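Here is what each chain is made of, one letter per residue.
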Amino acid sequence: MASTEHVLEYASALAELTVNSKPIISSLTILAQEIAGGGDAAAAAAIAQLVEKHIRTSTPKVKLVGFYLLDSIVKNVKGAFVQHFQRNLADLFLSTYQVADGKMQESMLHLYDTWRSVFAQNVLGAIDRALPPRQQRQKQQQGQQGQQGQHQ
């Protein structure tokens with residue numbers, strides 16, 4: 001069973017995740033596996049809460065990096081993490097998507113498309129239903145890019 005000390009260690013390491021850094025994401029994924037190893041559901045829940053909080057309280061660009069960590073954990077560690085992350089995934093994803101610019105939305109959608117074999121279809125369906133249709137999103141992104149070109 002993971003101690004409070006281990007969870008605090010994870011929180012401290014997570015605070016370092018402020019840029020898209022594969023080495024930091026990999027080390028945080030390995031640390032999550034070590035702390036919650038052996039099926040420690042309580043430790044997995046605590047780490048999932050920390051990652052969710054990191055995503056919710058970060059700037060938009062750091063939110064995306066938090067999603068990359070979430071993605072790495074659910075694909076590499078799996079187990080209880082998948083269950084814990086999917087509980088709030090729709091709200092977490094959609095609230096982040098709303099504050100993201102076009103490029104970040106595109107990155108989020110690419111990540112989302114890789115989750116079909118990871119998360120329950122009802123969770124992904126809730127996200128699908130809340131997002132504008134793909135063709136409409138592409139037009140919105142093209143419009144945003146056109147507007148940015150006009151402002152330069």
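Residues numbered from 1 in each chain as written. Predicted model: local features only at pLDDT ≥ 70, side-chain atom pairs only at ≥ 80, totals over all residues. Heavy atoms only, no water.

K.L.:
Would you mind showing me how to read the nonpolar core here?
P.N.:
As a rule of thumb, soluble globular proteins bury nonpolar side chains together. Counting 45 residues, the largest nonpolar core has Tyr10, Val51, Phe67, Leu70, Phe93, Trp115 and Phe119 as its most contacted members. For this core, the secondary structure elements donating two or more residues are α1 (4-14), α2 (22-35), α3 (41-57), α4 (60-76), α5 (80-99), α6 (102-113) and α7 (121-130). For this core, the element with the most residues is α5, which contributes nine residues. Apart from residues lying up to four places away in sequence, Trp115 is in contact with Phe67, Leu70, Asp71, Lys75, Leu89, Phe93 and Leu124. (Core = buried A, V, L, I, M, F, W, Y, C linked by side-chain atoms within 4.5 Å. Buried < 20%, exposed > 50% of the residue type's maximum accessible area, 1.4 Å probe, protein only. Helix = DSSP H or I, 4+ residues; strand = E, 2+ residues; numbered from the N terminus. Contact = heavy atoms within 4.5 Å.)

K.L.:
Would you take a moment to explain the packing of α4 against α5 for this structure?
P.N.:
Packed helices, taken two at a time, are described by the angle their axes make and the gap between the axes. Put simply, α4 and α5 touch, their axes get as near as 11 Å, and they point 155 degrees apart. Considering the angle they form, α4 stands roughly antiparallel to α5. Between α4 and α5 lies a crossing of left-handed hand. Between α4 and α5, the residues in contact are Pro60, Lys63, Phe67, Leu70, Ile73 and Val74 and Phe81, Val82, Phe85, Leu89, Leu92, Phe93, Thr96 and Val99, respectively. In terms of residue class, the contact of α4 with α5 is made up of 12 nonpolar, one polar and one charged. (Axes fitted to C-alpha atoms, helices over the stretch in contact; angles between N-to-C directions. Parallel < 35°, antiparallel > 145°, perpendicular 65-115°, else oblique. Left-handed = near helix turned anticlockwise from the far one by under 90°. Nonpolar A, V, L, I, M, F, W, Y, C, P; charged D, E, K, R; others polar.)

K.L.:
Explain the pattern of salt bridges here, please?
P.N.:
A complete count under the given rule lists three salt bridges for this structure. A salt bridge links Arg56 to Asp91; the shortest N-O distance between them is 2.9 Å. Of this pair, Arg56 sits in helix α3 while Asp91 sits in helix α5, placing them 35 residues apart in sequence. Using a relative accessible area of 46% as the deciding quantity, one classes Asp91 as partly exposed. Here Asp71 ties to Lys75 by a salt bridge, and the two come within 2.8 Å at their closest N and O atoms. Placement of both Asp71 and Lys75 in helix α4 is noted, with a separation of four residues, approximately one turn of the helix. (Salt bridge = Lys/Arg side-chain N within 4 Å of Asp/Glu carboxyl O.)

K.L.:
How should I be thinking about the confidence of the model for the protein in this particular structure?
P.N.:
Keep in mind that low pLDDT regions are not for reading the predicted coordinates in detail. Residue-level pLDDT values for the protein average 89, and 86% of them are 70 or greater. Of all the helices and strands in the protein, helix α8 (residues 134-151) carries the lowest mean pLDDT, 53, while α4 carries the highest, 97. (pLDDT = per-residue confidence, 0-100.)

K.L.:
Explain the side chain of Lys63 here, please?
P.N.:
Structurally, Lys63 can be placed in helix α4. Buried Lys63, no salt bridge; nearest opposite-charge side chain is Asp91, N-O distance 10.0 Å. Within polar-contact distance, the side chain of Lys63 engages the backbone oxygen of Ser58 at 3.3 Å. Among residues more than four places away in sequence, those in contact with Lys63 are Ile55, Arg56, Thr57, Ser58, Thr96, Val99 and Met104. (Lys, Arg positive; Asp, Glu negative; His and termini not counted. Polar contact = N/O pair within 3.5 Å; in protein donor to acceptor, adjacent residues only side chain to side chain.)

K.L.:
Teacher, can you tell me more about unusual backbone geometry here?
P.N.:
A negative phi angle is the norm for most residues apart from glycine, just as the trans form is the norm for most peptide bonds. For Lys78, which is not glycine, the phi dihedral falls at a positive 60 degrees. Tracing the backbone through its elements, the reader meets Lys78 in the loop between α4 and α5.

K.L.:
Looking at this structure, I do not really get the side chain of Asp71. What am I missing?
P.N.:
When its relative accessible area of 12% is taken as the criterion, Asp71 is described as buried. Asp71 has contacts with Leu111, Thr114 and Trp115, leaving out every residue within four places of it along the chain.

K.L.:
Whenever I open this one, the packing of α3 against α5 confuses me. Can you help?
P.N.:
One can describe the packing of α3 onto α5 by two numbers: an axis separation of 9 Å at closest approach and a directional angle of 15 degrees. When the interaxial angle is binned, α3 and α5 end up roughly parallel. The hand of the α3/α5 crossing is right-handed. Residue-level inspection shows Ala41, Ala44, Ala45, Ile47, Ala48, Val51, Glu52, Ile55 and Arg56 of α3 in contact with α5, the latter providing Ala80, Phe81, His84, Phe85, Asn88, Asp91, Leu92, Ser95 and Thr96. Partitioning the contact of α3 with α5 into residue classes produces 11 nonpolar, four polar and three charged.

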